[in-house]
Amino acid sequence: MNDNPWLIAGVIDRTREMAKELGLRIEPGSYNNIEIMADNPPYGKNVMLAKLNDWATANLYLQGYRQGKLEMTALAKGKK
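Residues numbered from 1 in each chain as written. Predicted model: local features only at pLDDT ≥ 70, side-chain atom pairs only at ≥ 80, totals over all residues. Heavy atoms only, no water.

## Focus: the side chain of Asn33
In step 1: Tracing the chain through its elements places Asn33 in the loop between β1 (24-28) and β2 (34-38).
In step 2: The exposure class assigned to Asn33 is buried, which follows from its relative accessible area of 16%.
In step 3: What Asn33 contacts, discounting residues up to four positions off in sequence, is Glu27, Pro28, Lys51, Leu52 and Asn53. (Helix = DSSP H or I, 4+ residues; strand = E, 2+ residues; numbered from the N terminus. Buried < 20%, exposed > 50% of the residue type's maximum accessible area, 1.4 Å probe, protein only. Contact = heavy atoms within 4.5 Å.)

## Here's the deal with the sheet that holds β1
In step 1: Spatial ordering of the open sheet is given by β1-β2-β3, a layout of three strands whose pairing is antiparallel. Looking at the sheet topology across the chains shown, the edges are occupied by β1 and β3 (47-52). Strand-to-strand twist in this sheet, taken as the mean axis angle between neighbours without regard to direction, amounts to 25°.
In step 2: Judged from the five bridges that link them, β1 and β2 form a sheet pairing that is antiparallel. Directly across from Glu27, in β2, lies its bridge partner Glu35. (Pairing = 2+ DSSP bridges. Axes fitted to C-alpha atoms, helices over the stretch in contact; angles between N-to-C directions.)

## With respect to the pattern of salt bridges
In step 1: Per the stated rule, a full pass over the model turns up four salt bridges.
In step 2: A salt bridge links Arg66 to Glu21; the nearest nitrogen and oxygen atoms lie 3.9 Å apart. Taken together, the positions of Arg66 in helix α2 (residues 55-79) and Glu21 in helix α1 (residues 8-22) put the pair 45 residues apart, joining distant regions of the chain.
In step 3: Taking the relative accessible area as the measure of exposure, Arg66 reaches 34% and is therefore partly exposed.
In step 4: Between Glu35 and Lys51 there is a salt bridge, with its nearest N and O atoms 3.9 Å apart. (Salt bridge = Lys/Arg side-chain N within 4 Å of Asp/Glu carboxyl O.)

Spelled out as structure tokens, the structure:
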């Protein structure tokens, strides 16, 4: 893996790894878009979560998704 944050290859590698960690998959879309897909509950099968134009935006989307997931877990634990 390329760890240089300024190289696009590093951004692509980190984005793919993050999607895999979150249980999502990244597919090429039409017109060079990047589609982030989910197959797990609570979404259902083959659901498109986002259609983005570049890898940096996809990386930011997944960071926000991960943060939201962590906050929801913390809220759920706090209500018990």
